[in-house]
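Structural features, examined
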Amino acid sequence: MSFQTDTIHAGVGPDKAYGAIMTPIYQSSTFVFEDIGKHRGFDYTRSGNPTRKALEDSLCALEGCTSAVAVTTGMAAITTTLNLFRSGDEIICTDDCYGGTSRLMKTVEEHFGIRVHFVNLQDASNLLPFVNDNTRAVWVETPSNPLLNLVDITAVSDLAKVRGLLTIVDNTFLSPYGQKPFELGADIVVHSTTKYLNGHSDVVGGAVLSNSEDLDSRLKYLVNALGTCAQPFDCWLVLRGIKTLVVRMREHERNALAVAEFLDRHPKVKRVFYPGLPAHPQHHLAKKQQKSFGGMVSFELDGSIEELYKVLKATKLFALAESLGGVESLIEHPATMSHASMDSEHRQAAGITDSIIRLSVGIEDRDDLIADLQSALG
Ligand SMILES: *Cc1c(COP(=O)(O)O)cnc(C)c1O
C-alpha cells in the first residue's frame, strides 16, 4: 500500500468486539485470563495494550520497519534507547541536537559512565577520529534543531556499519512522510510523536523503531522493565493525528517555503535557515535524502537583543511557545527557550547564536502568516 493509504489504515482494523471502525481506547490496566497461563494477547498494560499495539503497527508501516515501541514522550524514547548501552560504552552524537537530548546524554555520561562525544556530523567522516573499541553508536538528528543543518544518513551508516556501530536517527523533524532513515541504513529510529506525527499539540508521546529481531526484543524488554510505555488515550490521539499526516505535511512545507522566501528578502533578516532554499549549503542533500523540506524555519535577525525580543512579542498568529509540528504556528528563541538547557559554550560551538529565532510554521493561510511576520519585523 502507498504511504498515504497506510496513514489511514495500517494497524487499524475494525474492532473485533463490535466492528468499531476507529480503534477503541482500551483504557484498562489489566486483562482477564481465559485459563491458567492463557490470555488473549495482553495481560497488563505496561507490557502491552491493544490501542498501543495499533499505534505501533501503524508506525512500523509508515517507517518501513519490523518493530516499534510507543512510549510516553520523545525523551522516554531516547531514555529507553540509551538503556541499550552500559558503562564504558561510547556514543558519537550530532553536536547541534535537541536541547533535551544533549542534557540527557550529559546526565547519562555523569551518572552511568557512558561517554558521549558531540561532533559536527555535516561531514560524516568527522566521526572517524572518535571511533575506538568502546564506541557503540552514532546518534544523528537531521535536519538539526534549530539550524536545519543536515547529516548524510547514508554516509554515516556506511561508516558505522564497517565499524560495527549502530546508526540511530531522531526523525522527529520530518516524520516518516519527509524522510525514511531505514532506507538510508539506520538501525534505530526515534520519534517525539508530540510533534508532526500527532500534529495537534495536545499530547506528548514518543516511539522507538527498529528493524532487527535482536533490537526488537531488547527494546520491548526495556519498555516493560523501565515502565516508559505510552498510555492508551495518548496512543489513540497520536493514531488520530497520523490519519492527516500527509495533508498536514504538504501544507507545512508549502507555508514554510513561502515564509523562508519572504524572510530571505527582508532587510532586517541576516540569514535564513531552511533546506528548501537553493542557497542552503546542503540543499542538494536535502533533495536527495528527504521527500519534504519540512515545516521548520529559523532565521538570524540583524539587530540588537532588544529588537529581537520585540519581534518575539509582536507576532499575533505565531504564538511565543516551545515545541513544534502542530497545526498552529509558533515562534521561539532557542537561546532562552528550547536550547536553554544546552550550556552556552556548547550552544556557541554549535552555532546557535542569541540572534536566532525559530519558527514552527503551521497550516494557517500563508498570506496571513507572512503579513504577521511583516508587521512584527516592522
Ligand atoms: C521534542 C523533541 C524531542 C523530545 O520529545 P518530547 O516529546 O518533548 O519528550 C526529541 N527530539 C527532537 C528532535 C524533538 O524535537
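Up top is the structure these notes are about.
Basis of the calculations
Residues numbered from 1 in each chain as written. Predicted model: local features only at pLDDT ≥ 70, side-chain atom pairs only at ≥ 80, totals over all residues. Heavy atoms only, no water. Phe/Tyr/Trp six-rings, centres within 6.5 Å; stacked < 30°, edge-to-face > 60°. Helix = DSSP H or I, 4+ residues; strand = E, 2+ residues; numbered from the N terminus. Buried < 20%, exposed > 50% of the residue type's maximum accessible area, 1.4 Å probe, protein only. Pairing = 2+ DSSP bridges. Right-handed = clockwise from strand over helix to strand, strands pointing away. Axes fitted to C-alpha atoms, helices over the stretch in contact; angles between N-to-C directions. Left-handed = near helix turned anticlockwise from the far one by under 90°. Contact = heavy atoms within 4.5 Å. Nonpolar A, V, L, I, M, F, W, Y, C, P; charged D, E, K, R; others polar. Salt bridge = Lys/Arg side-chain N within 4 Å of Asp/Glu carboxyl O.

Details of the packing of aromatic side chains
The tally for this structure, following the rule as stated, stands at four aromatic pairs. Relative to Tyr-177, the ring of Phe-3 has its centre 6.3 Å away and its plane inclined at 55 degrees; by these criteria the two rings are tilted. One end of the pair, Phe-3, is in helix α1 (residues 3–9); the other, Tyr-177, is in helix α6 (residues 175–178), and 174 residues separate them in sequence. Aromatic pair Phe-233 and Trp-236: ring centres 6.0 Å apart, planes at 15 degrees, arrangement stacked. Here Trp-236 and Phe-233 lie together in helix α8 (residues 232–242), a separation of three residues that amounts to about one turn. Classification of Phe-233 by relative accessible area gives partly exposed; the value is 40%.

Considering the pairing of strand β4 (residues 135–141)
Among the seven residues of β4, six are classified as buried, and the element is accordingly described as predominantly covered. In this sheet, β4 lies alongside strand β2 (residues 90–94) in parallel orientation, the contact comprising four bridges. Residue pairing in the sheet places Ile-92 in a bridge with Val-138 of β4. With five bridges connecting them, β4 and strand β5 (residues 166–170) associate as parallel partners. By the bridge assignment, Val-138 is partnered in β5 with Thr-167. With respect to chirality, the unit in which β4 leads through helix α5 (residues 153–162) into the neighbouring parallel β5 is right-handed.

Notes on the packing of helix α3 (residues 74–82) against helix α4 (residues 99–112)
A pair of packed helices can be characterised by two numbers: the angle between their axes and the separation between those axes. At a minimum axis distance of 11 Å, the contact between α3 and α4 shows a crossing angle of 30 degrees. Seen from above, α3 lies across α4 with right-handed handedness. Residues Met-75, Ile-78, Thr-79 and Leu-82 of α3 form the contact with α4, whose own contacting residues are Gly-100, Thr-101, Leu-104, Met-105 and Val-108. For the contact of α3 with α4, the per-class residue count stands at six nonpolar, three polar and no charged.

A closer look at the sheet that holds β4
Read across the open sheet, the seven strands follow the order β1-β7-β6-β5-β4-β2-β3; overall the sheet is mixed. Two strands in the sheet have a free side with no partner beyond their single neighbour: β1 (67–71) and β3 (115–119). Each adjacent strand pair in this sheet contributes to an overall mean axis angle of 20 degrees, direction not counted. Across five bridges, the pairing between β1 and strand β7 (residues 206–210) is antiparallel. Counted as the bridge partner of Val-69 is Val-208 from β7. Lying on the sheet, helix α2 (residues 50–63) is in contact with β1, β6 (188–192) and β7; it crosses β1 at an angle near 130 degrees.

Observations concerning the pattern of salt bridges
The tally for this structure, following the rule as stated, stands at 13 salt bridges. For Asp-89, the salt bridge identified is with Arg-136, shortest N-O distance 3.2 Å. Placement of the pair is Asp-89 in the loop between α3 and β2 and Arg-136 in strand β4, with a sequence separation of 47 residues. We classify Asp-89 as buried; its relative accessible area is 8%. Overall, the relative accessible area of 31% leaves Arg-136 in the partly exposed class. Across the pair Glu-251 and Arg-366 runs a salt bridge whose closest N-O atoms are separated by 3.6 Å. A residue pair is termed long-range when its members are at least 10 positions apart, and Glu-251 in helix α9 (residues 245–265) and Arg-366 in helix α13 (residues 366–377) qualify at 115 residues. On the accessibility criterion, Arg-366 (29% relative accessible area) is partly exposed. One network of salt bridges, with partners in common, ties together Glu-34, Lys-38 and Arg-40.

Coordinates in, geometry out; function isn't part of it.
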